[in-house]
Amino acid sequence: MIAWKFLAPGAMGPFSRVTWPTPTGDAPGTWVEAQVHPCTSGIHACEVSDLPYWLHAELWEIELDGPVSRAGHKIVAPRGRLLRRIEAWDRNSMIAFCQACTVRIREVAARSEGAAEYLVDLEADAHRSAAATVGYIAAHAIGVVDGAEAAECERAAQAGFLSNRLGLDVAGR
Amino acid sequence: MSDQQLTCEELVEIVTEYLDGGLSDAERERFEEHVVVCSGCANYLDQIRMTIEIAGRVTVDDLMEETKTELLAAFKDWKRE
């Protein structure tokens, strides 16, 4: 299965601190294996809908092998290898993501003082391109005003934006 | 979603359990989702990890006698409390 994985600079797992073997030339990175225990171990990755929850510096396409299971906002497999870095996930894309969230929150803030309070924080984080924080604040603010289902819709909109902007091909994967 | 998000105060309280692998799957995911969106807590987690790494390299022989005495006294007081 093909999925996506956010990593810290240098292809390092943000939580595991493991540096992933990266592809060389046309060859994928070597397989990384782990015992599967949904949250604490296993190879964690994202489907498109999971991406907004885990935004980080680098985005990679990853091939997962073995039984893949879902654990909250991520999927887990016994082994995986990096196929290619999604170069389109760069500072410009982070800025564009933040702007798209800001536009949606401005619309909500125009009809709700509750959301207007969050807009100040969101714009400050957007200014420093803190995409993960901006995405969270946007979903939270919409959730406060319009409820949990609307918050989920905002996350879906963020995932859709990322998929379109980064050209993540989900067909047949 | 928003109801399940950890606060920064809650995260600080469970950071040791997180690093020890003592959290449930759901708690661990909430912890990590918070760290992704909160630069303050991400820095805090980095600092704790660094402290553990540096402190883990210290052996008894590395300590000055004065420091050993101070530490032993502190632990005795802590046990009394």
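Since we're looking at a predicted model, the values are computed, not measured.

Caption draft 1: Molecular detail of the overall build of chain B. On a plain count of helices and strands, chain B comes out with four helices and zero strands. The C-alpha radius of gyration computed for chain B amounts to 17 Å, which surpasses the reference 12 Å derived for 81 residues by more than 25%, pointing to a less compact arrangement than a globule. If one aligns the C-alpha atoms of chain B with their principal axes, the spans along those axes are about 50 × 30 × 20 Å. Looking at chain B as a whole, 15% of its 81 residues are labelled buried.

Caption draft 2: Quick look at the nonpolar core. All names here are of chain A. Counting 54 residues, the largest nonpolar core has W4, I105, L122, V134 and A138 as its most contacted members. Broken down by element, this core gets its largest block of residues, nine residues, from helix α3 (residues 131–146). Leaving out residues up to four positions away in the same chain, V134 has contacts with C98, C101, L122, D125 and A126.

Caption draft 3: A look at the pairing of strand β4 (residues 58–65) of chain A. Residue and element names in this part refer to chain A. Note: strand β1 (residues 2–7) against β4, six bridges, orientation antiparallel. By the bridge assignment, K5 is partnered in β4 with W60. Pairing between β4 and strand β7 (residues 79–85): six bridges, direction antiparallel. Across the sheet, E63 pairs through a bridge with R81, a residue of β7.

Caption draft 4: Region of the structure containing the sheet that holds β1(A). The four strands are arranged β1-β4-β7-β2 (chain A) in an open sheet whose pairing can be described as antiparallel. Two strands bound the open sheet, and with one partner strand each, they are β1 and β2 (32–33) of chain A.

Caption draft 5: How the structure looks around the sheet that holds strand β5 (residues 69–70) of chain A. All names here are of chain A. The strand order across the open sheet formed by three strands is β3-β6-β5, and the pairing between neighbours is antiparallel. Looking at strand neighbours, the two that pair on one side only are β3 (43–45) and β5, the edges of this open sheet. Pairing between β5 and strand β6 (residues 75–77): two bridges, direction antiparallel. Counted as the bridge partner of S69 is V76 from β6.

Caption draft 6: Just the interface of chain A and chain B, in detail. Between chain A and chain B, the contact holds 21 residues from the first and 11 residues from the second. For the side of chain A that touches chain B, the elements supplying multiple residues, two or more each, are α3 and α4 (148–166) of chain A. Of all the elements, α3(A) adds the most residues to the side of chain A that touches chain B, at seven residues. Partitioning the side of chain A that touches chain B into residue classes produces 14 nonpolar, six polar and one charged.

Caption draft 7: Layout of the environment of A:A130. Residue and element names in this part refer to chain A. Looking at the secondary structure, you find A130 in the loop between α2 (113–127) and α3. Accessibility expressed as a C-beta count within 10 Å gives 20 for A130, which makes it buried. Taking the C-alpha atoms as reference points, A130 and C98, 32 residues apart in sequence, are found 7.7 Å from one another.

Caption draft 8: Structural context of helix α1 (residues 8–20) of chain B. Residue and element names in this part refer to chain B. The first and last C-alpha atoms of α1 sit 19 Å apart over 13 residues, in line with the 18 Å expected at 1.5 Å per residue. Considering bend angle alone, the principal kink of α1 is centred on I14 and spans about 50 degrees. G21 sits one or two residues past α1 and shows a positive phi near 75 degrees.

Caption draft 9: Up close: the pairing of β7(A). Across two bridges, the pairing between β2(A) and β7(A) is antiparallel. Within β7(A), the residue paired with A:E33 across the bridge is A:R79.

Caption draft 10: Fine view of the confidence of the model for chain B. Residue and element names in this part refer to chain B. When pLDDT is averaged along chain B, the result is 87, and 91% of the positions lie at 70 or above. Looking at the elements of chain B, mean pLDDT is at its lowest for helix α4 (residues 65–80), recorded as 84, and at its highest for α1, recorded as 94. Two numbers describe this predicted complex: its pTM, 0.84, and its ipTM, 0.79.

Procedures and definitions
- Residues numbered from 1 in each chain as written.
- Chains lettered and ligands numbered in written order.
- Predicted model: local features only at pLDDT ≥ 70, side-chain atom pairs only at ≥ 80, totals over all residues.
- Helix = DSSP H or I, 4+ residues; strand = E, 2+ residues; numbered from the N terminus.
- Rg over C-alpha atoms; globule rule 2.2 N^0.38 Å.
- Buried ≥ 20, exposed ≤ 12 C-beta atoms within 10 Å, placed from the backbone.
- Core = buried A, V, L, I, M, F, W, Y, C linked by C-beta atoms within 7 Å.
- Contact = placed C-beta atoms within 7 Å.
- Pairing = 2+ DSSP bridges.
- Nonpolar A, V, L, I, M, F, W, Y, C, P; charged D, E, K, R; others polar.
- Expected span 1.5 Å × (residues − 1).
- Bend = angle between axes of the 7 residues up to and from the residue.
- pLDDT = per-residue confidence, 0-100.

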